[in-house]
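# Close look at the chain arrangement
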Amino acid sequence: MKITDVKCAVIASAPVIRITTYEGITGWGQIETPKPYLQPIVLQLMSSIVGQGLRL
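Quick notes on the rules
- Residues numbered from 1 in each chain as written.
- Predicted model: local features only at pLDDT ≥ 70, side-chain atom pairs only at ≥ 80, totals over all residues.
- Heavy atoms only, no water.
- Helix = DSSP H or I, 4+ residues; strand = E, 2+ residues; numbered from the N terminus.
- Buried < 20%, exposed > 50% of the residue type's maximum accessible area, 1.4 Å probe, protein only.
- Areas by Shrake-Rupley, 256 points an atom, 1.4 Å probe, with all protein chains shown as cover.
- Core = buried A, V, L, I, M, F, W, Y, C linked by side-chain atoms within 4.5 Å.
- Contact = heavy atoms within 4.5 Å.
- Salt bridge = Lys/Arg side-chain N within 4 Å of Asp/Glu carboxyl O.
- Pairing = 2+ DSSP bridges.
- Axes fitted to C-alpha atoms, helices over the stretch in contact; angles between N-to-C directions.

Attention shifts here to the overall build of the protein chain. For the protein chain, the count of helices and strands is one helix and three strands. Going residue by residue from the N terminus, the α and β elements of the protein chain occur as β-β-β-α. Seen through its C-alpha atoms, the protein chain measures out along the principal axes to roughly 30 × 20 × 15 Å. Here the protein chain holds 56 residues, and the buried ones make up 20% of them. Here the protein chain has roughly 4100 Å² of accessible surface; of this, 60% comes from carbon and sulfur atoms.

Printed below as a string of structure tokens:
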């Protein structure tokens with residue numbers, strides 16, 4: 001299962017991350033609040049994450 005997309009949005013001062021796989025499976029996660037300054041870091045790491053395989 002490979003990661004095809006990573007999105008990050010700040011909701012109420014907490015970064016929320018959405019990871020989508022090639023199979024259409026989507027996972028959500030929240031970074032410790034309040035750390036809105038982490039959004040650019042997550043987006044910078046996106047190119048390293050997309051294309052990586054997952055084991056479930």
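What follows deals with the nonpolar core. Judged by nonpolar contacts, I3, V6, C8, I17, I31 and V42 together constitute the single largest core of six residues. Apart from the residues lying within four places of it in its own chain, the contact partners of V42 are V6, C8, I17 and I31.

We now examine the pattern of salt bridges. In the structure shown here, the tally under the stated rule is one salt bridge. We note a salt bridge from D5 to K7, for which the minimum N-O separation is 3.7 Å.

Another point: the pairing of strand β3 (residues 26–30). Regular strands place side chains that alternate from one sheet face to the opposite one. Relative to β3, strand β2 (residues 14–21) runs antiparallel, the two sharing five bridges. Bridge pairing in β3 places V16 opposite Q30. Hairpin connection between β2 and β3: a loop of four residues separates the two successive antiparallel strands, and G24 in this loop has a positive phi of roughly 90°.

Moving on, we come to the pairing of β2. Of all eight residues that make up β2, six are buried, and the element is covered over most of its length. Of the strand pairs in this sheet, strand β1 (residues 3–11) and β2 are connected by eight bridges, and their pairing is antiparallel. Paired with C8 across the two strands is I17, which belongs to β2. A loop of two residues connects β1 with β2, the two strands running antiparallel in sequence, and A12 in this loop sits at a positive phi of about 55°.

Turning next to the sheet that holds β1. Across the sheet, which stays open at both edges, the three strands sit in the order β1-β2-β3 with antiparallel pairing between neighbours. Two strands lie at the open edges of the sheet, namely β1 and β3, each paired on one side alone. Each strand of the sheet is rotated relative to its neighbour by a mean of 15°, with strand direction disregarded. Across the face of the sheet, helix α1 (residues 39–49) comes into contact with β1 and β2 while running at roughly 180° to β1.

Interpretation note: all reported values are geometric properties and have no functional meaning in isolation.
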